[in-house]
Amino acid sequence: MSDQREAVGAWSPKADSDATVSTPPQLSAAYIRYALWMLLIIYILNFLDRSIVGILAEEIRRELVLDDWQIGIMTGLAFAFFYTVLGIPIARLADRSDRVKIISISLAVWSGFTALCGLAQNFTQMLLGRIGVGIGEAGCTPAAHSLISDYVPADRRARAIAFYGLGVPAGSLLGAVLGGVIADIWGWRTAFLVAGLPGVALALVAWYTLKEPRRTLGFPTHATTGEGSVWSTLKALLKSRAYVFVTLASASAAFVSYGQGVFTPAFFQRIHGMSAGEVGIWLGISSGVGGLIGTWLGGYFADKYGAKNPAAFLYVPAIGMAIASVTFTPGYMSASWQTALVLIWIPGVLNSLWYGPAFATVQKVVPPNQRAMAVAITLFVVNLVGLGVGPLFAGVLSDALRNLMFDGSALGVGDFATACGKAAATAGEAACVVARQEGLRWSLIIACHLGLMSAVLFWLGGRALLPAKVTTS
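Computed from a predicted structure; not experimentally measured.

Caption draft 1: Spatial organisation of empty space enclosed by the protein. For the coordinates displayed, the defined rule picks out 3 cavities of 30 Å³ or more. Within this model, the largest cavity holds a volume of roughly 1000 Å³. Elements that contribute at least two residues to the lining of the largest cavity include exactly α1 (29-64), α2 (68-94), α7 (167-186), α11 (241-272), α12 (276-306), α15 (337-350), α16 (355-364) and α17 (371-407).

What follows is the structure, encoded as structure tokens:
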């Protein structure tokens, strides 16, 4: 009886043989640092524009008269569907053409649509604006990961990708702080305009200053034949147990984090009575700093311990997710917003460990000509499940629990407002407020515990990265 496990770099007998050519000798170390910083800033804007709607959600809900399920679709599924579906053909293009131009055009498109969200007058218009943001952002990360892998050798790739991944917490932090403060002073519409317009200018800077190794340094253009097609790449990836496990684990981790990201600001506003600006500053800074620490530590520990034990690449996020999933509850149950902030921050750091190790693993188990496509397929699953379903699940669950707590039955869409209107006439308005608060609180608690599934999948992915061995029975 045999026990087959994959070795890192199983696609090649040389185990990531491109490591010796990934850093072009014609590019100076100073330029590579510049390029990584530029890609990081672009990714910060990516997540700023993606996540700012979370801190503005309560203001938008009140003005446009929306339910939580509509907030869930607006912030998640509408964005994620187009982001994930278009990510694959754009990644196919990135594997065979100029990645810098793809990133620059994408940046201009999503930034423009973010600004347009500030002009929305109803749910449909806001939905279309968010769809436009998703279309633009589809071209960013697969091309950026592929570009980074040409700039940086394999033994430093987890840290480089984790550095790029700092855009997630940094962008979320800026989205929360700037969005909340601007919304308090000038309104949520101005916040969208301020968030979107700078990206249009930065797109020109990226276009003219980032270098495409294929064009300027003579690196080969891959995937000019069927070898890099979607189906051939997908078939090859499905043979990798490590790839399958890391993709599913990342999707379940994103499911939890995106649901939290959208509705935790609303939690502090509804339950602790904070304004958008207050939540943006306190929650934005705490979660942003925690995410920066966790994302960087994830890449650092993966590179450090993964050199000796390949499984450690994914054991690091597995341990983090396992501890975090059961330690969020005290924060959401706290009666003090200050205590809640601290108790949510600690597991938030652990929840951020996965980005660098996960995507570095993806880069290691595929050949260079399939990197952008592999990332796009991973992002397709991660974002459709995490970004698309995570906020929607949290919103639907919040509404369902709210209705059950209000009158013991599952009211239909729109019925809650009608029922609360009648309750107000009979001095029962407080019951409506409590039901809305507790429905959201328990929705977040339930969603956080689903992180245990991610921990198990990361652990299985780590085992799949161990060198193949044969045992007899």
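Caption draft 2: Fine view of the packing of α7 against α12. Running from N to C, α7 and α12 point in directions that differ by 170°, and their axes come no closer than 7 Å. Considering the angle they form, α7 stands roughly antiparallel to α12. For the pair α7 and α12, contact is made by Pro169, Ala170, Leu173, Ala176, Val177, Gly180, Val181 and Asp184 and by Ala276, Gly277, Glu278, Gly280, Ile281, Gly284, Ile285, Gly288, Val289, Gly291, Leu292 and Thr295, respectively. Taken together, the residues of the contact of α7 with α12 sort by class into 11 nonpolar, 7 polar and 2 charged.

Caption draft 3: Just the environment of leucine 404, in detail. Along the polypeptide, leucine 404 turns up in helix α17. By relative accessible area, which is 43% here, leucine 404 ends up partly exposed. Counting along the chain gives 35 residues from leucine 404 to glycine 439, while the straight-line C-alpha distance between them is 8.5 Å.

Caption draft 4: Representation of the nonpolar core in the model. Counting residues in each nonpolar core, the largest one holds 126 residues, and the members touching the most others are Ile42, Leu56, Ile60, Phe192, Leu210, Phe268 and Phe458. In terms of residues, this core owes the most to one element, α1, which gives 20 residues.

Caption draft 5: Representation of a nonpolar patch on the surface. A grouping of Ile281, Trp282, Ile285, Val289, Ile293, Val342, Trp345 and Ile346 is seen on the molecular surface, where their side chains present a nonpolar patch of about 690 Å² in accessible area. Only α12 and α15 provide two or more residues apiece to the nonpolar patch. With 5 residues, the top contributor of residues to the nonpolar patch is α12.

Caption draft 6: Representation of the side chain of aspartate 399 within the structure. Inspection of the secondary structure puts aspartate 399 in helix α17. A distance of 3.3 Å separates a polar atom in the side chain of aspartate 399 from a polar atom in the side chain of arginine 402. Among all residues touching aspartate 399, those that are not within four sequence positions of it are Asp67, Asp68 and Trp69.

Caption draft 7: Structural detail: the pattern of salt bridges. Counting across every chain of the model gives 7 salt bridges. Between glutamate 59 and arginine 62 there is a salt bridge, and its shortest N-O distance comes to 3.3 Å. Here glutamate 59 and its partner arginine 62 are both found in helix α1, 3 residues apart, which amounts to about one turn of the helix. In this structure arginine 62 comes out as partly exposed when scored by relative accessible area, which is 46%. Salt bridges sharing partners connect three or more residues here, namely Arg99, Asp150 and Glu212.

Caption draft 8: Representation of the environment of arginine 61. Relative to the helices and strands, arginine 61 is located in helix α1. In this structure, arginine 61 is in contact with Leu66, Asp68, Ile71, Arg270 and Arg436, ignoring residues within four places of it in sequence.

Caption draft 9: How the structure looks around the packing of aromatic side chains. As enumerated under the stated definition, the model contains 16 aromatic pairs in all. Geometrically, the ring pair formed by tyrosine 315 and tryptophan 459 is stacked, given 4.0 Å between the ring centres and 15° between the ring planes. Of this pair, tyrosine 315 sits in helix α13 (residues 312-325) while tryptophan 459 sits in helix α20 (residues 451-464), and the two are 144 residues apart along the sequence. Given a relative accessible area of 16%, tyrosine 315 falls into the buried group. The exposure class of tryptophan 459 is partly exposed, given its relative accessible area of 38%. Taken together, Tyr43, Phe47, Tyr164 and Tyr258 form an aromatic cluster joined through their ring pairs. Looking at arginine 50, its charged tip hangs above the ring of phenylalanine 47, at a distance of 4.1 Å from the centre. The side chain of arginine 50 reaches across the aromatic face of tyrosine 83, ending 4.8 Å from its centre.

Caption draft 10: Region of the structure containing the packing of helix α5 (residues 141-151) against α16. Viewed as axis vectors pointing N to C, α5 and α16 meet at an angle of 75°, and their least axial separation amounts to 11 Å. It follows from the interaxial angle that α5 and α16 lie roughly perpendicular. Across the interface between the two elements, Thr141, His145 and Ser149 from α5 touch Tyr355, Phe359 and Gln363 from α16. Tallied by class, the residues present in the contact of α5 with α16 amount to 2 nonpolar, 4 polar and no charged.

Calculation rules
- Residues numbered from 1 in each chain as written.
- Predicted model: local features only at pLDDT ≥ 70, side-chain atom pairs only at ≥ 80, totals over all residues.
- Heavy atoms only, no water.
- 1 Å grid on protein atoms, 1.4 Å probe; cavity = no way out; pocket = protein on both sides within 12 Å on 5 of 7 lines; lining within 4 Å.
- Points joined across faces, edges and corners; volume = space filled by probe spheres on them.
- Helix = DSSP H or I, 4+ residues; strand = E, 2+ residues; numbered from the N terminus.
- Axes fitted to C-alpha atoms, helices over the stretch in contact; angles between N-to-C directions.
- Parallel < 35°, antiparallel > 145°, perpendicular 65-115°, else oblique.
- Contact = heavy atoms within 4.5 Å.
- Nonpolar A, V, L, I, M, F, W, Y, C, P; charged D, E, K, R; others polar.
- Buried < 20%, exposed > 50% of the residue type's maximum accessible area, 1.4 Å probe, protein only.
- Core = buried A, V, L, I, M, F, W, Y, C linked by side-chain atoms within 4.5 Å.
- Patch = residues over 30% accessible without salt bridge, like charges linked within 9 Å, V, L, I, M, F, W, Y side chains within 5 Å.
- Areas by Shrake-Rupley, 256 points an atom, 1.4 Å probe, with all protein chains shown as cover.
- Salt bridge = Lys/Arg side-chain N within 4 Å of Asp/Glu carboxyl O.
- Polar contact = N/O pair within 3.5 Å; in protein donor to acceptor, adjacent residues only side chain to side chain.
- Phe/Tyr/Trp six-rings, centres within 6.5 Å; stacked < 30°, edge-to-face > 60°.
- Lys NZ or Arg CZ within 6 Å of the ring centre and 35° of its normal.

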